[in-house]
Amino acid sequence: MALTSPLPSPGDLGPMAFETIRRERERLIALLLTTPDPVLDEVASLGIVTEEEYEALEKLSEPRERIRRLLIKIQRKGEHGCEQFLECLQSLFPDFLPDLQPPARRCVTRTNDAENPESGTSSKKNEAENPQDAVTLGKNELENPGGATSLEKNDLENPETALPHEENDLGNSDGSPSSGKIDPQNSEDATSSEKNDPEKLEEPEKAEAVLSSGKGLVTPNSATTPIKNEPENSENALPSKNDPESPGGARSSEKDAAAVSSERADFKGSGNIPSHGEGKTAEGKGNIEDGVTPDSDVSMPESRAETPGVAMSVERSRAETRGDAVSVDRSGSEVPETFPNKFHAGRRGALKTVLSKLRLKKFRNQKLRLRDLLQISPECLKDSTPYTFGDLPWHFLRKLMALNGTARSTSLWQGASDEDTSEDEEGGMRGVVFSLREDNSRASLHPLDVLCAVLICSDSFLQQEILSKMSMCQFALPLLLPALNTSKCTLMLWAMRDIVRKWRPHSLAQSRGFREESLVLTSMPTVSFVRMGSCSFSKSKLLNEVLSPSQQHHDFFIHRDMDSGNVPREIADGLVEISWYFPAGRENLDLFPEPIAVTNLRGDIESQWLQFSFLTEISSAVFILTESISEREYMLLSSLQGSATKYYFILNNQSGKAKETVGLLNILAPLLDMKKSQLLVKEQSNNSAELVKKLQSTLQGIITSSPKSMSIQNMAVTARELGIQVEEDSRECRTALEHIKEITAEIQDVAKYKREMLRLQGDLWKSLAEVEKELCRMKGQWDVPLEDYRSQLRQRWLELRRQQNQCDLTSGMVKFISGIGQLRPAEKHHFLKWMKFHLDHIARGNLSRLRTEYKEKCCALGDDAQQLAELDELICASSLGVEHFMRELGQFYEAECSMVKEGNMGNIQRQFIHLPGIAADLMLEGFPMELIDGDASNIPLQWVTDVLTELHAKLGGRSRMLVLTVLGVQSTGKSTLLNTMFGLQFAVSSGRCTRGAFMSLIKVAENFRQDLGCDFILVIDTEGLKAPELAKLEDSYEHDNELATLVIGLSDITIVNMAMENATEMKDVLQIVVHSFLRMEEIGHKPNCQFVHQNVSDVSAYEQNMRDRKHLLEQLDEMTKAAARMEKQSREMKFSDIMDYDPEKHSWYIPGLWHGVPPMAPVNMGYSESVCELKKYLFEFMRNRSPRRAPKDIPQFIKWVGSLWNAVKHENFIFSFRNSLVAEAYTQLSVMYAVWEWDFRKEMHLWMSKAETTIQNESPDDLGPDTFEKLRLEVHQMLHSGEQKMQQSLQSYFESGTGNLHLVEKYREDFLQSVTFLRHELESYLLCKSEEAIRIQKGRSKIDHLQARYMKTIEGKVNRLLQDCRERDKELKLTELQREFAKMWKETLAELPLESLPLRQIHKDIHYQLCKDLENRGSLVKQMLHKAQSLLTYQSKPICMKKEYMDLAWYKVPMELITQQCWHELEEFTKSLVEECRRYVRQKVHSQGDYDQTYCRELLWMINERLQEKIIGKMSTSASFEVDLKLHILGEAASAFQKMHEDFLKKNDPQHRLEELRPQYFSTFRDVYYEKDACQKRAFDFCDRCLRPALWEYMKKRLGIEIVDNFLSSGECIEYGSRSFFQFTVQKKLLEEMDFSNYVKYINNYEVFIKSWIQTRLFEHYRETGGLKELERVVLATIMKKIQNTLESSECQDALTVSEFLDHFCQVMCKELVISKDSLEVILFKNTASVRQFSADINTFLPQVEEGTLSEWEELSREMVFTQLQFKPQDEIFKRVFGCGKQCPFCNVPCEAGGSDHKEHFASVHRPQGLGRYKDETSKRLIYSLCSSDVVSSLLFRNLHTAFQWHPYKDYRQFYPTWRIQPDPSINASDYWKFIFKKFNHQFAKEYKADPADLPTEWKKITKKQALQSIQEAFNIE
């Protein structure tokens, strides 16, 4: 029994709450500091502090400061707020000291109104006599099935708050008990704790006293009359609050500090249910049976605020009996008149608990966005199994995005704890730590709780995506979201806007038509299912069976038997779900003939009256499930009288109360106009199948009875009338909609609208696309000169752009630009979404009408193809989407850019410059961007470039991307595959297939970027290959080829999507793919390929198709070989050569998308899982990719797109592909190779210098046969080491991952071969030089021996003279001494047999060699040689061309056509050969040796080799040419060699050499005679006679090497880093100087010009920098340091004699210096000096020697310095930039390929052929066509190499297989040479003896600035 006691008088209340807090502040702070976070959470959930105040307090890090400020805020809220706060503390702290309790807590009271003592006290008698007035308090409500409610005054006045203040008092929104004891004295709390009311345990309140159920509030005055026999029928009692299946039962532990509203479990039997609050039993036996509830339809107290008690406004008498006015709105909900609304605070508490468990609190205010969800993170690779509550939202979202049917499962991993271990997000565990569980359920949350929480935390666009995916999975969708963070529930209209469904009603079954419509706009009957009271069978499960065909069950609605469906609901009560049935047009299979909507209310209607009222308004029929009806429930139902909705009752005849219920229904039937058929009874003896059949039959009857139909959009009207919120009513959404209506109001006929409003992308854009392609392909040229035709096309292109630019913005475009440009971000997002919905709706309507018309005309017109074709064209033109408006923007932008480039508009006049930024923002938001316009098959390159550039800028330059594309036949589910894999929004259901290609950007999470190596993934979706609408076009195959080449070229990973297993059916597609991959391999791009076979559901598919995969690979190999032949590839190729493909790893078998027959089929689980596996593999693949495949950033991607598109437009992809990224990578590789090459060369040159010096220091007698062998071995070892080093450098560079190196992978072999070639070149050079040095040194042998003998004789004579002079009586004066010495010298020389080397007649030896060479050439040649004059006479005669030199008799064309060309070719050849031979002769003469017969033999070999070349063979030169050529070359050489021989003899004449030594001998003689200390003089002589000449020679050998090293490491190095850079530098300089003669030399004498250029640049460089002197000083200082170190070495210092000292010095320095042995011998003659003194004296003179040597070099002019050098810097730099020296066969442009042994020659820019002397055969005018244009045209050519037969330019490689002539990458690429031709047209004509070219008008407009820009672009110079 309940205890009552009188209320205290006001005077007994003691201190007020405000005063209590003020007085006891410090004690309160100390108390609250023990648990500050729970206190803060509690006061927030109760509404004592606002959300803003709560957030502000949470941010404070100091707990004391947080509590202090909380108390201040509480006091500011006044007395009432302070009382609420103290009550809150009482519930949190059971041991709360009495003097700190709120005033009312100090009295124990039980009354109906704690604040109104006048209402009287209740005694036990009163309770017994007036059970309807008895209001039980405290824990009764938790423990008694009918626990009555105590109300405050406010509660009586406000029905919405007329409930026990469960949240305020218990700290839980559902009234679950707090963690401590509850004081029964608190009348405000209106609840008694079980602990403090022991009578409650002994005597539970009887059922007959129950007037208020645990689910909802009956009228406060209890006007309801109980049924007479109710006390005896315990089944009629409402469920216990402690019943786990009842609204208040099975509460979660108190640490959650909020209610856990549960969905009743499917419990059977009886037993005690523990109270989780205090661990005590609830009620006695029988309670559980009473509490059995249907499925998961568990009500919770939240809805009491929305329930009108029992009495609605229609039963006024019931409201009046309370004596208190209640304001009731149309919905039946009382309008609150008091504050705060404690009910909503309770709901917020429950929501907060759930969000805390799910770790979603941070998203409550800052909503989760779709792009946050789509972000690629490490979790993408992990198993999605949830381990904690915090994993559940992400598990749900990821699974849902992947269309996985298990998305709604909320069970945690079984290894996790069975109890709730979630931590509050602010930290720390709350409440009870340990508790016992008596059920076996795993820890989980109800799926609907998770769904509600996720939806609340998602923004409106993510909500749309969630509901769209749920719809695809055939999950029931939330129609009304409960009032959780809002005051009213919310209609999810906007969230369903994106859902489109197709179906075929039976009315269209015959015609096989179908309907396609947006779900929210489709009107159909709605049938609602609700529950009243408890029910033992599942309503949701019943609905699933009703909506599922017998053989295809699907769980549309969550029910208790599903995973986690039996978990109590916490926040989802009041949720209304909706599902649909759509027929497929098959009468035998369809359940219903027309669509029908089915709604399902979660919870009891009594608790959710507002939702129930809404359902009654919108439904054609409402089905109420119940097991019994009490009189109270009868009164509720009777309030529905007058409703137009039909009400059906489904009665479970198992509860034993069926008779009473039927009796009440009979009373109710007239009120609700019910018939017998409106009661369906589930009999005990029948299973559910019979009930399902009855229900389906009933629904069919409803559908056929012309029921009320309503769309969801119309439901929103009703919702607003009832006060239900509609999320679409947000300001952003409404603003956007207003803008859209202005646009779409103008659209009636789509095709007409596009013509009138989107004018730029119609015929204008298509014409532009055609002109752009024709500019590249030149198919319509006919007889118009190529460049004239190109000029015409260019003019046409500009005219079309001008027309576009002159078009004004239409009203639709103005409004569209205003929408995307001026609206705020959220409004703009809504704007685009609305745009899509409206345009799709309009397009669907148009398409539907046109298809119907087409079908009718097909039947009526028969074969009238013209009308059908017109209709077909209309159908194609009837698609309209946002992309069309964006495309129009792009065209406006491109037209404006064209005008700016042409100078017709200034930047200040631009209107559309901001548009790329807007488009970039949209890409960042996740909107797909059109890359390829599918209608015009064109790329708006300027628009795409600038949009992506803006995007790059907005990303702060962090834009590394991996590109993934999909290819496949049309309608094979490519877009769906990408959407499923990545959660993207590519169009799949807008009534049309994808056209063109769209790209979408997916962000990679920061913590995953390093793993994937990129910042974003760019996904490209393409239109289908083999499209039926294109099949009839002649170029459809070409179209597919272009598309495939483009997307494969852009991608890092390509998914080839095929909707079949059998490879034979996809042969055409594979051929296209193979061709595309082959082209990409040719440019070094080798994407990964994944073959996806869709619609393969067999589990054995992978195994079964092993043979098929092998067969597929064989087919692919065959196709690759065939494609290689078609693409004119000579090598054998396999499929694996052109792409990264492993048949076992890269083949995927994916089941079909739908599980069953659409439209009611859900997504196949196998499909989702397989796609998920593919996605994981792709991410793993990206992680494990080779590091050298660095991803492209946006600027690189832009270049790649531009180059690829240019290649595609030129058709001849494989040999015409020119890409700036490839060029850049190749240039960088060439630069690096040049560095390595010079390092190698430098090392070898230094070695050769030392080796040569060593040989020169050797005695000729020591140079035996093994000397050369030793050198050869050393050369081989060094070269091998250098070659290995270079190869390793090359390997390391390719493995370094430096930008885009994979693109030049194909050139790796070329450069490796170049290394080998370089090694052979250096080997030949070193061995030849070594052999020559040995030969020269050995040639000195006789001379040196004679010289040594002569010197000994002279020294003997000097000794005798010295002795003779000393024996004389008096000392001789110096003059006498000189006279005596001169006399002796003369006599001695006269006595010596001075032998000179014989003077040879070199020209005779050479003539002999020539005769021997030509001895087998016949008598005619012998006669010519016999008649020939002396060779020496040819040295001054230049060779003149003679007619008899050419044998043209075998040509079958008129002589005049070929004579001039052959003449010129032969002349050029002769010049080249003569110059080559001159270089060789100069090199030999420079060696300063004697002539050798090998020199002539070498010259003859060179001439013969060149004469064997093809060009000479083609010209068939006569014998007289060969004889005359050799005579002239050898005559010139003979003269040079003769002088060389004579110079050698003169230099090595014995008398001459002895005369040079005479001063030294006299000096020694004099010093010895006068007995002077000659040490210092000898030291000076050593420095002057030995070191100084040696240093001069050292400088000659070394300075050249150091000049090259210095020059290449200076600022000039970039110009000479690669051949491309060098060409740009030269051409730029020529353009600046504009000297015609230089251009002529550059074009016609390239080699000579370049050598001269380099030498000039070297001179200028060192003149400007003055660096040559410093370089000379550095080189000399290096060797001087070595000399000094050698002199100071211990070995030298420890020598006993000067001779030993000098021997050691020469030995150490033998590799560096060549010291004259003659001078050394003189210095040693009679040298008795001290070694140390001699060494010290040498050191004294060294600075003088150094300065003297430097001054001698400085006295030379720069030009003289370079002539002195043995190693010529200009020649070495020339080798570096000249390359192979090959020139284009048409325009003579030099090859720019790197390395020295490349397979192909190429050049960045080609020249007009007239600059290479080509002229028209008829008009004699210079030809101005460019070979880079000719090779893609249909023009023909003929020349010497074609034997003057006509051949297509396209087949030029047949004659020039090593040349690759690429088409110009742009219209302006050759502007440089066009400008030069225009400038010097007449001068070139005069030079080439031709008429000036008749140049196109366009050329005359090219400026110097444009010319410079063109080569900057061509050579990729920024």
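What you see as residue numbers is a count from 1 along each chain, following the sequence as written. Totals for whole chains, interfaces and linings use all residues, but because this is a predicted model, local features are given only for residues with pLDDT of at least 70 and pairs of side-chain atoms are given and counted only at 80 or more. Just so you know, side-chain values use all the structure's heavy atoms and leave hydrogens and water out.

### Looking at the overall build of the protein
And step 1. Numbering of helices and strands runs from the N terminus; a helix is a DSSP stretch of H or I covering at least four residues, while a strand is a stretch of E covering at least two. When its secondary structure is counted, the protein shows 72 helices and 21 strands.
And step 2. Sorting the 1918 residues of the protein into buried and exposed places 58% on the buried side.
And step 3. Looking at the protein alone, contacts between residues at least 24 apart form 79% of all its contacts between residues at least 6 apart.
And step 4. Here the protein has roughly 77200 Å² of accessible surface; of this, 50% comes from carbon and sulfur atoms. Note on classification: 1.4 Å probe, protein chains only; a residue is buried when its accessible area is under 20% of the maximum for its type, exposed when over 50%, partly exposed between these limits. Here, residues are in contact when the closest pair of their heavy atoms is within 4.5 Å. The protein chains shown are the only cover counted for residues, whose accessible areas, like all others here, come from Shrake-Rupley with a 1.4 Å probe.

### A look at unusual backbone geometry
Note on backbone geometry: most residues besides glycine have negative phi, and most peptide bonds are trans.
And step 1. Of note in the backbone geometry, Asp673 takes a positive phi value of approximately 55 degrees without being a glycine.
And step 2. Tracing the sequence through the fold places Asp673 in the loop between α22 (658-672) and β10 (679-682).
And step 3. At Met1634, a residue that is not glycine, the phi angle is positive and equals roughly 50 degrees.
And step 4. Inspection of the secondary structure puts Met1634 in the loop between α59 (1619-1633) and α60 (1636-1644).

### Here's the deal with the confidence of the model for the protein
And step 1. In the predicted model, the protein carries a mean pLDDT of 75, and the fraction of residues at 70 or more is 76%.
And step 2. One number per residue, pLDDT, summarises how confident the predictor is, and it ranges from 0 to 100. Across residues 416-430 the pLDDT falls below 50, and counting only partners more than four positions away or on other chains, this stretch makes 40 contacts in the model.
And step 3. Low pLDDT, under 50, characterises residues 1213-1217; the stretch is placed with 25 contacts to residues that sit more than four places away or in other chains.

### Focus on the packing of aromatic side chains
And step 1. Between the rings of Phe, Tyr and Trp (Trp by its six-membered ring), a pair exists once the centres lie within 6.5 Å; its type follows the angle of the planes, with under 30 degrees stacked, over 60 edge-to-face, and the other angles tilted. A complete count under the given rule lists 52 aromatic pairs for this structure.
And step 2. Taken together, a centroid distance of 5.0 Å and an interplanar angle of 35 degrees make the contact between Phe1837 and Tyr1849 tilted. Residue Phe1837 is located in strand β20 (residues 1836-1837), and its partner Tyr1849 is located in the loop between β21 (1847-1848) and α70 (1871-1879); the two are separated by 12 residues in the primary sequence. In this pair, the class of Phe1837 matches that of Tyr1849, namely buried.
And step 3. Only lysine NZ and arginine CZ atoms are considered, and such an atom sits over a ring when it is within 6 Å of the ring centre and within 35 degrees of the ring normal. Its guanidinium or amino end placed over the ring of Trp1873, Arg1807 lies 5.0 Å from that ring's centre, counting from NZ or CZ.

### Comments concerning the nonpolar core
And step 1. Nonpolar cores are built from buried Ala, Val, Leu, Ile, Met, Phe, Trp, Tyr and Cys residues. Side-chain atoms within 4.5 Å join them into one set. Counting 161 residues, the largest nonpolar core has Ile466, Phe614 and Phe623 as the members making the most contacts within it.
And step 2. Per-element accounting of this core gives the leading share, eight residues, to helix α17 (residues 447-456).
And step 3. Contact partners of Ile466, with chain neighbours within four places excluded, come to Phe396, Leu397, Leu400, Met401, Val454, Leu455 and Ser458.
And step 4. With 157 residues, the next largest nonpolar core counts Trp1247, Leu1322, Phe1802 and Tyr1856 among its residues.

### A word on helix α62 (residues 1667-1688)
And step 1. Under the 1.5 Å per step criterion, the end-to-end length of α62 is 31 Å for 22 residues, consistent within 8% with the ideal 32 Å.
And step 2. Taken together, the buried positions of α62 are Leu1668, Leu1671, Glu1672, Val1675, Leu1676, Ile1679, Met1680, Ile1683, Thr1686 and Leu1687. All buried residues of α62 lie within an arc of 165 degrees about the axis, which places them on one face of the element.
And step 3. Against the buried residues of α62 lie α58 (1575-1608), α61 (1646-1665), α63 (1690-1693), α64 (1698-1708), α66 (1731-1755) and α67 (1758-1764). In this scheme, a helix's expected span is set at 1.5 Å multiplied by one less than its residue total. Think of the arc as the fan of directions from the helix axis to the C-beta atoms.

### A few points about the pairing of strand β5 (residues 524-531)
And step 1. The element β5 is largely enclosed, with a buried count of eight among its eight residues.
And step 2. Across two bridges, β5 lies against strand β11 (residues 709-710) in antiparallel orientation. When the bridges of β11 are listed, Pro525 appears paired with Ser709.
And step 3. Pairing between strands is defined by DSSP: at least two bridges between them are needed. Of the pairings in the sheet, the one linking β5 to strand β7 (residues 596-604) comprises five bridges and is parallel in character.

### Topic: the sheet that holds strand β18 (residues 1088-1094)
And step 1. In spatial order, the strands read β13-β15-β16-β14-β17-β18-β19; together these seven strands make up an open sheet with mixed pairing. Of all the strands in the sheet, just β13 (929-933) and β19 (1147-1150) have a single pairing partner and so form its edges. With strand direction ignored, the average angle separating the axes of adjacent strands in the sheet is 20 degrees.
And step 2. Both β13 and strand β15 (residues 996-1003) contribute to a ladder of four bridges, which runs antiparallel. Bridge pairing in β15 links Ile932 to Ala997.
And step 3. Here an angle of 0 to 180 degrees is reported between the N-to-C directions of two axes, which are lines fitted to C-alpha atoms, with helices fitted over the stretch in contact. Sheet contacts for helix α43 (residues 1165-1184): β14 (961-968), β16 (1016-1022), β17 (1053-1058), β18 and β19; angle to β19, the most-contacted strand, approximately 160 degrees.
And step 4. Helix α44 (residues 1194-1209) contacts β13, β14, β15 and β16 of the sheet and is inclined by roughly 35 degrees relative to β14.

### Some points on the packing of helix α19 (residues 539-547) against helix α23 (residues 688-704)
And step 1. For the pair α19 and α23, interaxial distance at closest approach is 9 Å and the crossing angle is 65 degrees. Classified by chirality, the crossing of α23 by α19 is right-handed. Contact with α19, carried on its side by Leu542, Glu545 and Val546, involves Ser688, Leu691, Val692, Leu695, Gln696 and Leu699 of α23 and no other residues of that element.
And step 2. Class assignment for the residues of the contact of α19 with α23 results in six nonpolar, two polar and one charged. A crossing counts as left-handed when the near helix is turned anticlockwise from the far one by less than a right angle, and as right-handed when that turn is clockwise. Residue polarity follows a fixed list, in which Ala, Val, Leu, Ile, Met, Phe, Trp, Tyr, Cys and Pro are nonpolar, Asp, Glu, Lys and Arg are charged, and the others, Gly among them, are polar.

### Some points on the side chain of Asn979
And step 1. The topology assignment puts Asn979 in helix α35 (residues 974-982).
And step 2. Not counting residues within four places of it along the chain, the set of residues in contact with Asn979 comprises Met401, Lys469, Leu984, Gln985, Phe986 and Val988.

### A look at the pattern of salt bridges
Pairing between side chains of opposite charge can happen when the charged atoms of each approach one another.
And step 1. Counted as salt bridges are all cases of a side-chain nitrogen of Lys or Arg within 4 Å of a carboxyl oxygen of Asp or Glu. Summed over all chains, the structure comprises 72 salt bridges.
And step 2. Notably, a salt bridge pairs Lys1242 with Asp1605, separated by 2.6 Å at the nearest N-O pair. Taken as a pair, Lys1242 in helix α46 (residues 1220-1257) and Asp1605 in helix α58 lie far apart in primary sequence, 363 residues in all.
And step 3. Lys1242 sits in the buried class, given a relative accessible area of 18%.
And step 4. On the basis of relative accessibility, which here comes to 22%, the residue Asp1605 falls in the partly exposed class.
And step 5. Linked through salt bridges whose partners overlap, the residues forming this network are Arg497, Arg720, Glu728, Asp729 and Arg734.

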